[in-house]
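Take a look at the letters that make up each chain.
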Amino acid sequence: MSTFTHHFDRTVVISLPERGDRRAKLMANLRACGLAEHRDILWQDAVNGRLEKIPSWWAQGPGAWGCRASHLAALRAAQRDGVERLLIIEDDACFHPRAAEWLDMLMPLLPADWDFLFLGGQHMKAPSPTTDPRLLRGTAITRTHAYAVPRRAFASLIAAISDLEEYRANLRWHVDHQFAWGQFQGRWTAYAPAWWLAGQDEGGSDIARWAYDRRWWPVGNNYYQLPFVQYEADDSAAQQWLHRPGPPREGIPANRMERSLWLRAAAMEAYTQGRLPACDLSAEEIRQLWPGGLRAPSSAEELHQLADYPANGLFPHPFSPT
């Protein structure tokens, strides 16, 4: 039994039929993490908003319309089929290598009142603590790339997503904004791990219609504790753990303060992506300018261990090994 089938009655992956590349990449990730096999997934063709008749007042584009309709269809099908615990994943999700281990920890911690468990997301307002530091209570979590819902919440979510007048009154909304607003109002209770199990992978967005870097939206501001990494081996697999920002348009700043700010921005970007910052400044300069210092892993294995957020020991965290 896979981790997903142990905890959820149905795992739905929403994906446009023509995005076989995304389906293959996600499936490889799920297998590598020990979360699911192909037979454990219900592959749901996403609604292509560009082929739909959309109300003239809808302001967020056909991609957002298709996203809303796709999540609504997944919830309706689960309600119809008597599913008790539903997990919905979008095909651009990417899961942490420790996701199976952490999910096994989290599920027994969930209070009986849960309406959402976000495996990935973004806290638009600060979450609240629970009795266990590994689990947070959300107050306004957005993003829909990986979340679970119990059967008792299906009806209220379906009614809310179906209510076009609520969208008409909030023209900037996507479906995840509605989820967050409902949490803020107290309509739904939402929980999340202290470190996200899933982020959104890099690549082109079928909703926004442009390309993104990988995004993880971690809680906290621990980026300043990250070391810059010097790793020169020709190992493409290892390079996925590094974020090397390009120099500004005018080149790497000569001013010491501006260089410090440039390193800060690079570390923030790396932290948001779940990667480690790297740059072409000298080791001496980095040590002088950056509080997190410098690391020079001697092997790809050592680099991967250093990139194992938040178990890498770079900052204290509830999911860090004791």
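Here, every reference points to the structure presented above.
Residues numbered from 1 in each chain as written. Predicted model: local features only at pLDDT ≥ 70, side-chain atom pairs only at ≥ 80, totals over all residues. Heavy atoms only, no water.

### Focus on the packing of helix H5 (residues 154-162) against helix H7 (residues 175-185)
Move 1: Running from N to C, H5 and H7 point in directions that differ by 125°, and their axes come no closer than 11 Å. Compared by their axis directions, H5 and H7 come out oblique. Crossing geometry of H5 relative to H7 is assigned as right-handed. Across from Leu-157, Ala-160 and Ile-161 in H5, the residues of H7 making contact are Val-175, Gln-178 and Phe-179.
Move 2: In terms of residue class, the contact of H5 with H7 is made up of five nonpolar, one polar and no charged. (Axes fitted to C-alpha atoms, helices over the stretch in contact; angles between N-to-C directions. Helix = DSSP H or I, 4+ residues; strand = E, 2+ residues; numbered from the N terminus. Parallel < 35°, antiparallel > 145°, perpendicular 65-115°, else oblique. Left-handed = near helix turned anticlockwise from the far one by under 90°. Contact = heavy atoms within 4.5 Å. Nonpolar A, V, L, I, M, F, W, Y, C, P; charged D, E, K, R; others polar.)

### A word on the pairing of strand S8 (residues 135-138)
Move 1: The pairing of strand S7 (residues 128-129) with S8 spans two bridges and is classified as antiparallel. If you follow Ser-128 over to S8, its bridge partner there is Arg-137.
Move 2: The turn joining S7 and S8, which pair antiparallel and follow one another in sequence, is formed by five residues.
Move 3: As paired elements, S8 and strand S11 (residues 190-193) share four bridges and run antiparallel to each other. (Pairing = 2+ DSSP bridges.)

### Concerning the pairing of strand S10 (residues 146-150)
Move 1: With respect to burial, S10 is a largely interior element, five of its five residues being buried.
Move 2: Residues Ala-146, Ala-148 and Pro-150 point to one face of S10 and Tyr-147 and Val-149 to the other, with burial holding for every one of them.
Move 3: Pairing analysis gives five bridges linking strand S3 (residues 85-90) to S10, with the strands arranged antiparallel. Residue pairing across strands places Ile-89 opposite Ala-146, the latter belonging to S10. (Buried < 20%, exposed > 50% of the residue type's maximum accessible area, 1.4 Å probe, protein only.)

### Focus: the packing of aromatic side chains
Move 1: Using the criterion set out here, one finds 23 aromatic pairs in the structure.
Move 2: Seen in terms of ring centroids, Phe-118 and Tyr-147 are 6.0 Å apart; in terms of plane orientation they differ by 35°. Their pairing is tilted. Taken together, the positions of Phe-118 in strand S5 (residues 116-118) and Tyr-147 in strand S10 put the pair 29 residues apart, joining distant regions of the chain. Take Phe-118 and Tyr-147: they sit in the same class, and that class is buried.
Move 3: Among the aromatic residues, those joined into a ring-pair cluster are Trp-57, Trp-58, Trp-65, Tyr-167 and Trp-173.
Move 4: Positioned over the ring face of Tyr-167 is Arg-68, at 5.7 Å from the centre of the ring. (Phe/Tyr/Trp six-rings, centres within 6.5 Å; stacked < 30°, edge-to-face > 60°. Lys NZ or Arg CZ within 6 Å of the ring centre and 35° of its normal.)

### A few points about the environment of Phe-228
Move 1: Here Phe-228 shows up in strand S15 (residues 228-229).
Move 2: Given the relative accessible area of 0%, Phe-228 is considered buried.
Move 3: For the pair formed by Phe-228 and Leu-276, sequence separation is 48 residues and the distance between their alpha carbons is 6.8 Å.
Move 4: Residues contacting Phe-228, with those up to four places away along its chain left out, are Leu-263, Ala-266, Ala-267, Pro-277, Ala-278, Cys-279, Ile-286, Trp-290, Gly-293, Leu-294 and Arg-295.

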